[in-house]
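Summary of structural features
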Amino acid sequence: MLPREYRTISSISGPLMMVEKTQDVMYDELVEITLSNGDKRRGRVLEIESDRALVQVFEGTTGIENDDTKVRFLGKVLTLPVSRDMLGRVFNGRGEPIDGGAQLIAEQNLDINGMPMNPFSRDYPSEFIQTGISTIDGLNPMVRGQKLPIFSASGLPHNRMAAQIARQATVISGHEDFAVVFAAMGITFEEASFFMEDFRRTGALQRTVLYINLADDPAIERISTPRIALTAAEYLAFECNMHVVVILTDLTNYCEALREISAARKEVPGRRGYPGYLYTDLATMYERAGRLKGKSGSITQIPILTMPEDDKTHPIPDLTGYITEGQIILSRSLHRQGIYPPVDVMPSLSRLKDKGIGRDKTREDHADLMNQLFAAYARGKEAKELAVILGEGALSDEDKAFAKFSTVFEDKYVRQGEYENRTIKETLELGWDLLTMIPVKELKRIRDAYIEKYLNPLLKAKAEKGNA
Amino acid sequence: MPDKKEVKGVIERISGSLVVAGGMEGASMQDVVHIGELGLVGEILEVNGDKASIQVYEETSGLMPGEPVVSMGEPLSVELGPGIIEQFYDGIQRPLELIEKAAKSPYISRGISVPALDREKKWDFTPKVKVGDDVIAGDILGTVQETVVVEHRIMVPYGIKGKVSKIEKGEHTVEEVIAVIDDNGTMHEVKMLQRWPVRKSRPVKTRLAPNVPMTTGQRVVDAFFPVALGGTACVPGPFGSGKTVIQHQFAKWAQAQIVVYVGCGERGNEMTDVLLEFPELDDPQTGQPLMKRTTLIANTSNMPVAAREASVYTAITLAEYYRDMGYSVALMADSTSRWAEALREMSGRLEEMPGEEGYPAYLGTRLASFYERAGRCIVNGKDGREGSITVIGAVSPPGGDLSEPVTQNTLRVTKVFWGLDANLAYQRHFPAINWLNSYSLYTERLDPYWDEKFDDQWSGLRTEAMGLLEQEAQLNEIVRLVGIDALSRDERMVMETAKSLREDFLHQNAFHEIDTYASMEKQFKMLRTIVSFHHAGLDALHKGAPMNKLFNLPVREQIARMRYLEEKDIAQIDKLEDTIKEQISGIIPVGGDTNAA
Ligand SMILES: Nc1ncnc2c1ncn2[C@@H]1O[C@H](COP(=O)(O)OP(=O)(O)O)[C@@H](O)[C@H]1O
Ligand SMILES: Nc1ncnc2c1ncn2[C@@H]1O[C@H](COP(=O)(O)OP(=O)(O)O)[C@@H](O)[C@H]1O
Ligand SMILES: [Mg+2]
Ligand SMILES: [Mg+2]
């Protein structure tokens, strides 16, 4: 079909414009807009009613005039040229190179919306990834193909933590072909260069593809950025058989752009003005993580979002948590105490942990130990709260032990260096070591056999030391 | 069969999953249509003059005004017949395995048309009626062994009665005629393949009271907040509180003959999990893999949103079909909120007047009529068979706030409320069912059943245990204000027992090979033992036993480990009663006895 050109813009509203007297326009079709000064912009068809098409302009509508602007319908949906040569390159939020390098020679052109993975064709993710961070590996283990977001808030070190994960993530069974796809949506130049610098310094840059939409880039472009990144990731994972980690940051900026479009369309707003389809919209991105039967590659997603007002029930973290396979939540209070990484252990969760750990994967005692650490920390925190009101003296001896445990736990287990890469064995040993602070009969979540095997030797050593 | 009339129109407007077609005079609401050159599947939501508003069950990108829209004049229906069990369908009953084959890709492409039931497969049909027998709708004409555990009963379709004039024993495909019924000269050919419109409930003869339990192997459910066969229940909770795990637990361990599990707008991996796990796990009732009694329906969150709305109807219609055969069917829907949101999205695109939080005003009636399709009943047919559908819906309230419309409308129609609590989940107390605000309206009705089975002790034990937990909550308030030392010795005992109830009974690890399931026998013994210790403990305290010694008796560790006893070893729990007596008498000070006497 020939591209058709119109000069029939009838109205402009926010990022949207209405084009009249159109013919043979497709839903979701890609549009090229040429301004009177020769500037080119792109957009897509959001709605068609007979011979009128509603177009969303990625770069925004400022400067577009009703008569002098040309609109061309390109006869295709937005596609991304992909090839292995994407690795090591930097692109803008629309997928165009911005590193001064050559245009990409496409192996394939892929629809950036992707297609829904058939749940029958999925393979269940179960391969443990060691991130070297105890609060993840020990308590919220991550597996290849998982989507595990970081719920952060302004001023918390989510970027440092994401970079640490990207740097340290390895699979116990050995090294394989891996890649990092990084998509920035509305973050600052400083934040973006932090990541680039870190990738460069560690030599990861050659294995990284970056898509950068900065805070001062057009907001509407952000709607496409994560989809472009995921399209690249799908190609690398399932065509090139690589293990791909996708870092998406910051989803909050993405959702705000979506809200802007929804408002311009005068849609009935849902909670806090976000559109009612925010859940579905986010799901079409998050669900692009995973593994496929018969394919050796994988897509692991680490979306980062900042919770407005530190509120976990805000629609963005809330809907994300309903879709992703767990969440790592950062705590302002731990951060204030100077603890890095400030992982709020209690509400953090990895839903895929159960099939990723245990004998032959991490270690047989991992699940029991993890459950016990959670329970003990919960009880310790509760005891500490009580002590704040009533004083230390009001606690039973047991509760005192738990309270002490929770303090040491935060200091030794949660806290670690930004470049400290703990093996899973070190993390497990650390957990057992901390449990020696608690009376054995309170360790109800652990099988006797494991207490015998892993705890008793530590207790014995401790007793001997005490005697000596 | 309704007259089928084909109506052809053209696309006029496209907005997401809503397409408006013109030139559709003669089309009716709820008719299935094929849209565009690709033949995407959709359903008519609204007819206005010659315009039809259509919800499209597939992604609409690339559609153009002017493309054809064809209505076949038939409402959205499911195919009924052998081959449903062990299947994994999408929201409009297309087998996902066949979609994979047809698409030659792990991604779901569009416009794929695959049959719900295998047309080639031959089933061995065994007649249960003879030529000359009088039959009415619902009578069983014959059976087919669908899986090792499911005998598929081929029934006389609704609206048909008469004399059997032909019945064909032997191997047949679902499209071959297996019987002919002569209704005063009108000959009705009956095939194994029958169809039913999903939005219409299948009729039954009489409804029965829900006074038979459906056990689930989950202690907090069976003992505290039980569900009856044919009952309705909901599990609301914020993300991560355990809705999906408990639904999976029900699908695994519920004492039902058929399980229909619908993953509605939730994660793809959760369905994959079931699909990979169920063929490997054995049903404790039959010893056969769980998959042999299960059918799965998935419209995961990345699949087209309109089909999400259809998926729950597809599921309940399949459930009704097996109920009509005389089976107890359990239907799990995770999550009904996603269905309601799909309804809201379409309503918004239709520019209907929004009600609360943008949901359409008919949300409540839609939810109610869905849950109304549950029930225990005598089904149609002369033999008076009994069948049931128990429906358990997960609800995902935004921010965990139960005051939102989906939760509130659901609570109005369901009889059991298992309230999941984020704080319990954070403490990894699972299932995170809050024992203080959850309820079951079946509890009293089911008590006689269990009291008869367990020497008239069941309801007494439960009431006492619930009372102790209630007291704990009140005592906790005092402790928070003035410390534990303010409590009397009796109150300390209450706190200890309540803690034991929470940690040793209510807490249940779904991922522990033994703890994951507990028979009623085991639940009863566990509960009785914990309460016995409470009584013996109070008595000992009255006789001057030191509290510390009592709370630290070695038998308490055995009590904590009852849950890890295999079903074959649960007789060992009975022996704990003696151990309790023995150990407690060891700490009562000499002369204490006389004190109390
Ligand atoms: N009965 C249980 N036993 C052990 N763990 C559980 C149980 N219920 C829930 N969990 C834990 O909680 C996590 C979240 O549960 P899930 O059912 O997926 O929550 P929801 O569906 O409410 O978001 C699971 O991944 C699992 O780790
Ligand atoms: N029904 C309930 N639902 C939610 N939380 C509860 C409920 N009952 C008690 N709680 C809270 O759960 C906590 C008890 O958990 P846990 O740490 O296991 O207690 P303990 O200190 O006795 O071991 C208390 O803070 C209590 O207020
Ligand atoms: Mg406590
Ligand atoms: Mg869930």
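As the structure is a computational prediction, the values presented were derived from the model and not from experiment.

**Notes on the overall build of chain A**
Assigned secondary structure in chain A consists of 13 helices and 22 strands. Compactness check: chain A gives a C-alpha radius of gyration of 25 Å against a globular reference of 23 Å for 468 residues, within 12% of the reference. Oriented by its inertia axes, the alpha-carbon framework of chain A measures out at about 90 × 50 × 40 Å. In chain A, buried positions account for 61% of the 468 residues. Here the contacts in chain A between residues at least 6 apart in sequence split such that 73% fall between residues at least 24 apart. By element, 50% of the accessible surface of chain A is carried by carbon and sulfur atoms, the whole surface being about 17,400 Å². Positive and negative side-chain charges in chain A, numbering 59 and 67 respectively, have mean positions lying 3 Å apart.

**Some remarks on empty space enclosed by the protein**
All names here are of chain B. Scanning the entire structure with this criterion turns up 3 cavities of 30 Å³ or more. Counted as a void, the largest cavity has a volume near 50 Å³. For the largest cavity, the full set of lining residues is T497, S500, D504, I530, F533, R556 and I559. Of all the secondary structure elements, the ones that give two or more residues to the lining of the largest cavity are α12 (489-506), α13 (520-542) and α15 (554-560). The biggest single contributor to the lining of the largest cavity is α12, with 3 residues. The residue makeup of the lining of the largest cavity, split by class, is 3 nonpolar, 2 polar and 2 charged.

**As for the confidence of the model for chain B**
Averaged over all residues, the pLDDT of chain B equals 93, while 98% of them reach at least 70. The ipTM, which scores confidence in the relative placement of chains, is 0.90 for this predicted complex, and the corresponding pTM is 0.92.

**Observations regarding the site of ligand 2**
Taken together, A:R379, A:E382, B:D421, B:L424, B:Q427, B:N434, B:W435, B:L436, B:R480, B:K499, B:R502 and B:E503 form the complete shell of residues around ligand 2. Residues near ligand 2 are shared among chains A and B, making this a multi-chain site. Contacts to ligand 2 include B:Q427, whose side-chain N or O atom sits 3.1 Å from an oxygen atom. A distance of 3.1 Å is found between an oxygen atom of ligand 2 and a side-chain nitrogen or oxygen belonging to B:R480. Elements supplying a minimum of two residues to the shell around ligand 2: α10 (366-390) of chain A together with α12 of chain B. Of the residues forming the shell around ligand 2, the biggest block, 3 residues, is contributed by α12(B). A per-class count over the shell around ligand 2 returns 3 nonpolar, 2 polar and 7 charged.

**Describing the side chain of A:D368**
Residue and element names in this part refer to chain A. Note that D368 resides in helix α10. In terms of polar contacts, D368 uses its side chain to reach the side chain of R447, at 2.9 Å. Setting aside chain neighbours within four positions, we find D368 in contact with R445, I446, R447 and Y450.

**Notes on the interface of chain B and chain A**
Across the contact, 76 residues belong to chain B and 78 residues belong to chain A. Note that A:E47 and B:R13 form a salt bridge whose closest N and O atoms lie 3.1 Å from each other. At the junction of chain B with chain A, the criterion picks out 33 residue pairs in polar contact (both at pLDDT 80 or more). Within the residue set of the side of chain B that touches chain A, elements represented by two or more residues are β1 (7-15), α1 (96-103), α4 (268-277), α6 (336-349), α11 (458-482), α12 and α15 of chain B.

**Details of the sheet that holds strand β14 (residues 170-172) of chain B**
Residue and element names in this part refer to chain B. On the basis of which strands lie adjacent, the open sheet formed by 4 strands has the order β12-β11-β9-β14 and antiparallel pairing. Two strands bound the open sheet, and with one partner strand each, they are β12 (151-155) and β14. Ignoring which end each strand starts from, the neighbouring axes of this sheet average 40° apart. The sheet contact formed by strand β9 (residues 123-127) and strand β11 (residues 140-145) spans 2 bridges and is antiparallel. Paired with T126 across the bridge in β11 is T143. Strands in contact with helix α5 (residues 306-325) are β11 and β12; relative to β12, the strand with the most contacts, it is inclined by about 90°.

**Topic: the packing of helix α5 (residues 251-264) of chain A against helix α6 (residues 278-286) of chain A**
Residues and elements named next belong to chain A. At their nearest, the axes of α5 and α6 sit 12 Å apart, and the two run at 135° to each other. In terms of axis orientation, α5 runs oblique to α6. When you trace α5 past α6, the crossing you get is right-handed. Taken together, the residues of α6 that come into contact with α5 (itself represented by L251, Y254, C255 and L258) are L278, D281, L282, M285 and Y286.

**Re the sheet that holds strand β16 (residues 186-191) of chain B**
One open sheet accounts for 4 strands, arranged β10-β13-β15-β16 (chain B); its pairing is antiparallel. Strands with a single pairing partner mark the edges of an open sheet, and in this sheet they are β10 (134-135) and β16 of chain B.

**Notes on the site of ligand 1**
Taken together, 17 residues lie around ligand 1, and A:R351, A:K353, B:G240, B:K243 and B:V245 are the ones closest in. Nearby residues place ligand 1 at the junction of chains A and B. Between ligand 1 and B:S241 there is a distance of 3.3 Å, counted from an oxygen atom to a backbone nitrogen or oxygen. Out of a free accessible area of 560 Å², ligand 1 has 94% covered by protein chains. Put simply, the parts of the chain that give the shell around ligand 1 at least two residues each are α9 (353-356) of chain A together with α3 (243-253) of chain B. The biggest single contributor to the shell around ligand 1 is α3(B), with 3 residues.

**Quick notes on the pattern of salt bridges**
All told, the structure shown has 93 salt bridges over all chains when counted by the stated rule. Residue A:R4 pairs with A:E29 through a salt bridge whose shortest N-O separation is 2.7 Å. Taken together, the residues span a long stretch of sequence, with A:R4 in strand β1 (residues 4-6) and A:E29 in strand β4 (residues 29-34) at a distance of 25 residues. In this structure, A:R4 and A:E29 share a single accessibility class: buried. The partner of A:K444 in a salt bridge is B:E503, and the shortest N-O contact between them spans 3.2 Å.

**A look at the packing of aromatic side chains**
Taken as a whole and judged by the stated rule, the model has 29 aromatic pairs over all chains. With a centroid separation of 6.3 Å and 50° between ring planes, the pair formed by B:W450 and B:W458 is classed as tilted. Across this residue pair, the class does not change: B:W450 and B:W458 are buried. Linked through ring pairs, B:Y449, B:W450, B:F454, B:W458 and B:F524 together constitute an aromatic cluster. Its guanidinium or amino end placed over the ring of A:F178, A:R207 lies 5.3 Å from that ring's centre, counting from NZ or CZ. Cation over ring: B:R338 sits above A:Y279, and NZ or CZ is 3.7 Å from the ring centre.

**Focus: the nonpolar core**
Residues and elements named next belong to chain B. Core analysis: the biggest nonpolar cluster contains 97 residues, and W418, F533 and L550 have the highest contact counts within it. For this core, the element with the most residues is α13, which contributes 10 residues. Counting 72 residues, the second-largest nonpolar core is a separate cluster that includes M155, A179, V190 and F417.

**Notes on the side chain of B:D421**
If you trace the backbone, B:D421 turns up in the loop between β27 (416-417) and α9 (422-426). One buried charged residue, B:D421, remains without a salt bridge, the closest side chain of opposite sign being A:K312 at 10 Å. Here the side chain of B:D421 touches B:N434 through a polar contact of 2.9 Å, side chain to side chain. Beyond its immediate stretch of four places on either side in the chain, B:D421 contacts B:A432 and B:N434.

**A short note on the pairing of strand β2 (residues 18-22) of chain B**
Residues and elements named next belong to chain B. Of all the 5 residues making up β2, 5 are buried; the element is thus mostly covered by neighbouring parts of the structure. The alternating pattern of β2 places L18, V20 and G22 on one face and V19 and A21 on the opposite face, and all of these are buried. In the sheet, β1 pairs with β2 via 5 bridges, with the strands oriented antiparallel. Bridge assignment links I11 to a residue of β2, and that residue is A21. Across 4 bridges, β2 lies against strand β5 (residues 51-56) in antiparallel orientation. Considered in β5, the bridge of V20 is made with S53.

The rules behind each value
Residues numbered from 1 in each chain as written. Chains lettered and ligands numbered in written order. Predicted model: local features only at pLDDT ≥ 70, side-chain atom pairs only at ≥ 80, totals over all residues. Heavy atoms only, no water. Helix = DSSP H or I, 4+ residues; strand = E, 2+ residues; numbered from the N terminus. Rg over C-alpha atoms; globule rule 2.2 N^0.38 Å. Buried < 20%, exposed > 50% of the residue type's maximum accessible area, 1.4 Å probe, protein only. Contact = heavy atoms within 4.5 Å. Areas by Shrake-Rupley, 256 points an atom, 1.4 Å probe, with all protein chains shown as cover. Lys, Arg positive; Asp, Glu negative; His and termini not counted. Charge placed at Lys NZ, Arg CZ, Asp CG, Glu CD. 1 Å grid on protein atoms, 1.4 Å probe; cavity = no way out; pocket = protein on both sides within 12 Å on 5 of 7 lines; lining within 4 Å. Points joined across faces, edges and corners; volume = space filled by probe spheres on them. Nonpolar A, V, L, I, M, F, W, Y, C, P; charged D, E, K, R; others polar. pLDDT = per-residue confidence, 0-100. Near = heavy atom within 4 Å. Polar contact = N/O pair within 3.5 Å; in protein donor to acceptor, adjacent residues only side chain to side chain. Salt bridge = Lys/Arg side-chain N within 4 Å of Asp/Glu carboxyl O. Pairing = 2+ DSSP bridges. Axes fitted to C-alpha atoms, helices over the stretch in contact; angles between N-to-C directions. Parallel < 35°, antiparallel > 145°, perpendicular 65-115°, else oblique. Left-handed = near helix turned anticlockwise from the far one by under 90°. Phe/Tyr/Trp six-rings, centres within 6.5 Å; stacked < 30°, edge-to-face > 60°. Lys NZ or Arg CZ within 6 Å of the ring centre and 35° of its normal. Core = buried A, V, L, I, M, F, W, Y, C linked by side-chain atoms within 4.5 Å.

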